[in-house]
Each structure stands twice: as C-alpha cells, then as structure tokens.
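# Examining the three-dimensional arrangement
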Amino acid sequence: MENAQLVGLARQATLQRQLDLIANNIANVNTNGFKAQTLLLEETRQPQASADSFLTPDRPISFVIDDANLYDFQPGQMMQTGNPTDLALDGKGWFVVQTAQGERFTRNGSFAINNEGRLVTRDGDTVLTDAGPLTLAPNEQTPTIAADGTISTNQGVRGKLRVVDFANPGELKKIGETLFEGQNPQPATLPRVVQGQIEKSNVRAVVELTRMIAVGRAYESVAKWMQDANDLRRNAIEKLATVN
C-alpha cells in the first residue's frame, strides 16, 4: 500500500509540472517568438524485491518521471506591423543576439534602434550581423533589410544579419521567455528575412486549455485513487488490530 501511495505521488508531481508548463504557455500566448513547451515523460522501474516466502512473487513497480522539457519549434503566425525594425524569419533559423552571458538565439524579431544607433532587442541586447554589432551613424536613415538579411541605408550596404540554424534544435536550452542557448550554430541557408512583420507565439490557446482540463481531471483521479488506497490501509490496520 505504501508503494501505491509513492506511485500516486510521483504521478501527481509530474501532473503538477505539466500544469505549470501549460499555464506558462497560456500566459505567453501573445509573446512574440514564444515557443510552446511540454514535458517528456518516461517510465522508471523500481528493482524487483526479493521475497521468496510469498505465494505471489513481488512485481516491479513502475513510476513516471519528467525527463526533460520539449519545445515546439513550429513557426508562429506572421503579423504585419509596418515597423521597419520588426523582422521575421520565413523558414528555419534564429537571429543571433549578444547578451551579458554570451550569444543567444531568438525568433522574436521585435527590434528597435537604440540611442547609440544599434539594432537591439526590447531587452537592450544587441542584434548581431556577420561582422558583429552594427552601429548606424546619426545621419543614416532607418535601414532597409533584404530577404537575405542584407542591411542597407542611404550610406549603402552596411552589413548582413547573422541568421543561424542547428543540426539538432532539440538540444537548445531555453534562457528566459524567447532566448535560447545552443552549441555549434551553423549559418542558415533556408530562411527569408521579412521586414515589417513579426512572428507571433506558436501557442494554440484552445489546445492548451483542453490540455489543462485533461491534466486537472487526471490529477483529481489520482487524488481519489490515493484516498481509496489510504482508506484500504486504515481498514486493514483496524481489522488486524481487533482482538478476537
């Protein structure tokens, strides 16, 4: 009976973490470039106990554990903004930004030009070109960005946005809401840079709400089952303690 309680607690713990991820997805349904998350669940078995004196031999006990977070890297819907510093990637690829912790990668193309003339994210991180940071002079007009990432102003071609991809995007580690950390980025060849548009979150609110209801019902079902197991244990103790 103790094993039944432990199995139930393990299941409730994973359901709680699932619920946390779903709630975070719903909270970021309007966050540009956000990628939905879910849990990777695995079965783990407790080693079989050695008990030869029982009529029925012991059986292995299965637990469920959350092994990792999985990210849905499907592109979100592209929305027209008309803002020349808003950029989207049509296809696979990531913008590269320089943070205090090093290079990070994002699909959130909601950029702006700061007081120093640099293209930056809304958090102030510098968007990198193939030659590193690009600083525009005060007399330069708002840049025009071609489909291949080439940046041009009234002073001519000023650089090219650095867009990368990864052989295995599943190894990317999320840092914050829309930034990712990864190893061995390679120049991307497929994506098309679209100026004046932005990629929205790929969270599907209806799907997430449906998952939230299903997880909530599963949690209640496990709680009821654990209560039944607890009642069974209490009844067994009461009967065993009865003196004939």
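Note that residues are indexed from 1 along each chain, following the sequence as it is written. Only residues with pLDDT of at least 70 are given local features in this predicted model, and only at 80 or more are side-chain atom pairs given and counted; all residues enter the totals for whole chains, interfaces and linings. Heavy atoms throughout the structure, all of them, feed into the side-chain values; hydrogens and water do not.

### Observations concerning the sheet that holds strand β10 (residues 144-145)
Strands qualify as paired when DSSP identifies two bridges or more between them. Helix and strand assignments follow DSSP, with helices taken as H or I runs no shorter than four residues and strands as E runs no shorter than two, numbered in order from the N terminus. Within the open sheet, the three strands sit side by side as β10-β11-β12. Their pairing is antiparallel. Strands at the two margins of the open sheet, each flanked by one partner only, are β10 and β12 (156-160). Strand direction decides the pairing type here: strand β11 (residues 150-153) and β12, joined by four bridges, are antiparallel. Across the sheet, residue threonine 150 finds its bridge partner in β12, namely lysine 160.

### Regarding the domain arrangement of the protein
Where each domain begins and ends follows an automated or database-derived domain assignment. Considered domain by domain, the protein is made up of domain 1 (1-73 + 203-242) and domain 2 (77-200). One C-alpha centre belongs to domain 1, the other to domain 2, and the line joining them spans 40 Å. By the convention used here, residues are in contact when the closest approach between their heavy atoms is within 4.5 Å. Between domain 1 and domain 2, the contact holds eleven residues from the first and 14 residues from the second. Using a 1.4 Å probe, buried area is obtained as the accessible area two parts lose upon being combined, added over both of them. Here domain 1 packs against domain 2, burying approximately 1100 Å² in sum over the two surfaces, 55% of which is carbon and sulfur. In terms of surface lost to domain 2, no three residues of domain 1 exceed Asn32, Lys35 and Phe73, which account for 51% of the buried area on that side. Any Lys or Arg side-chain nitrogen found within 4 Å of a carboxyl oxygen on Asp or Glu counts as a salt bridge. Put simply, lysine 35 and glutamate 199 hold a salt bridge, and the shortest N to O gap is 2.5 Å. Any pair of nitrogen or oxygen atoms within 3.5 Å is treated as a polar contact; in protein, a donor-acceptor pairing is required on top of that, and neighbouring residues in sequence qualify only through side-chain atoms on both sides. Summed over the shared surface of domain 1 and domain 2, the number is five residue pairs in polar contact (both at pLDDT 80 or more). The residue inventory of the side of domain 1 that touches domain 2, partitioned by class, reads three nonpolar, seven polar and one charged. The nonpolar class holds Ala, Val, Leu, Ile, Met, Phe, Trp, Tyr, Cys and Pro. Asp, Glu, Lys and Arg form the charged class, and all remaining residues, Gly among them, are polar.

### Quick notes on the pairing of β11
Bridge count for β10 against β11 is two bridges, and the pairing is antiparallel. Note on β11: the bridge partner recorded for isoleucine 145 is isoleucine 151. From the end of β10 to the start of β11, which pair antiparallel, there are four residues, and glycine 149 there has a positive phi angle of about 95 degrees. As consecutive antiparallel partners, β11 and β12 are separated by two residues.

### A word on helix α1 (residues 2-27)
Here α1 spans 37 Å end to end across 26 residues, near enough to the 38 Å set by a 1.5 Å rise per residue. Each residue's exposure class comes from its accessible area (1.4 Å probe, protein chains only) as a fraction of the maximum for that residue type: buried when under 20%, exposed when over 50%, partly exposed otherwise. Along α1, the residues that are buried comprise Gln5, Gly8, Ala10, Gln12, Thr14, Leu15, Gln18, Leu21, Ile22 and Asn25. To estimate how far a helix should extend, the number of its residues minus one is multiplied by 1.5 Å.

### Let's talk about the UniProt feature "domain: Flagellar basal body rod protein N-terminal" (unreviewed entry) in the protein
As recorded in UniProt, the sites labelled "domain: Flagellar basal body rod protein N-terminal" (unreviewed entry) are residues 9-35. Between the first and last C-alpha atoms of residues 9-35 the distance is 29 Å; the span itself is 70% helix and 0% strand. UniProt positions are given in the numbering used here, feature names are shortened, and annotations may be inferred rather than shown by experiment.

### A look at the packing of aromatic side chains
Any two of the Phe, Tyr and Trp rings considered here, Trp counted by its six-membered ring, make a pair once their centres fall within 6.5 Å; the pair's planes then place it as stacked at under 30 degrees, edge-to-face at over 60, or tilted in between. Overall, the coordinates contain seven aromatic pairs when judged by the stated rule. The interplanar angle of 80 degrees and the centroid separation of 5.6 Å between the aromatic rings of phenylalanine 73 and tryptophan 94 together place this pair among those described as edge-to-face. A residue pair is termed long-range when its members are at least 10 positions apart, and phenylalanine 73 in the loop between β2 (61-71) and β3 (78-80) and tryptophan 94 in strand β5 (residues 94-99) qualify at 21 residues. Residue classification places phenylalanine 73 among the partly exposed positions, given a relative accessible area of 24%. Chaining the aromatic ring pairs together yields one cluster made of Tyr71, Phe73, Trp94 and Phe180.

### Some points on the pattern of salt bridges
Enumeration over the complete set of coordinates arrives at ten salt bridges. Across the salt bridge formed by lysine 224 and aspartate 228, the nearest N and O atoms sit 3.3 Å from each other. Highlighted residues: lysine 224 and aspartate 228, both in helix α2 (residues 205-240), separated by four residues, approximately one helical turn. Its relative accessible area of 40% is what places aspartate 228 among the partly exposed residues. A single salt-bridge network, built from bridges that share partners, covers Lys35, Arg107 and Glu199.

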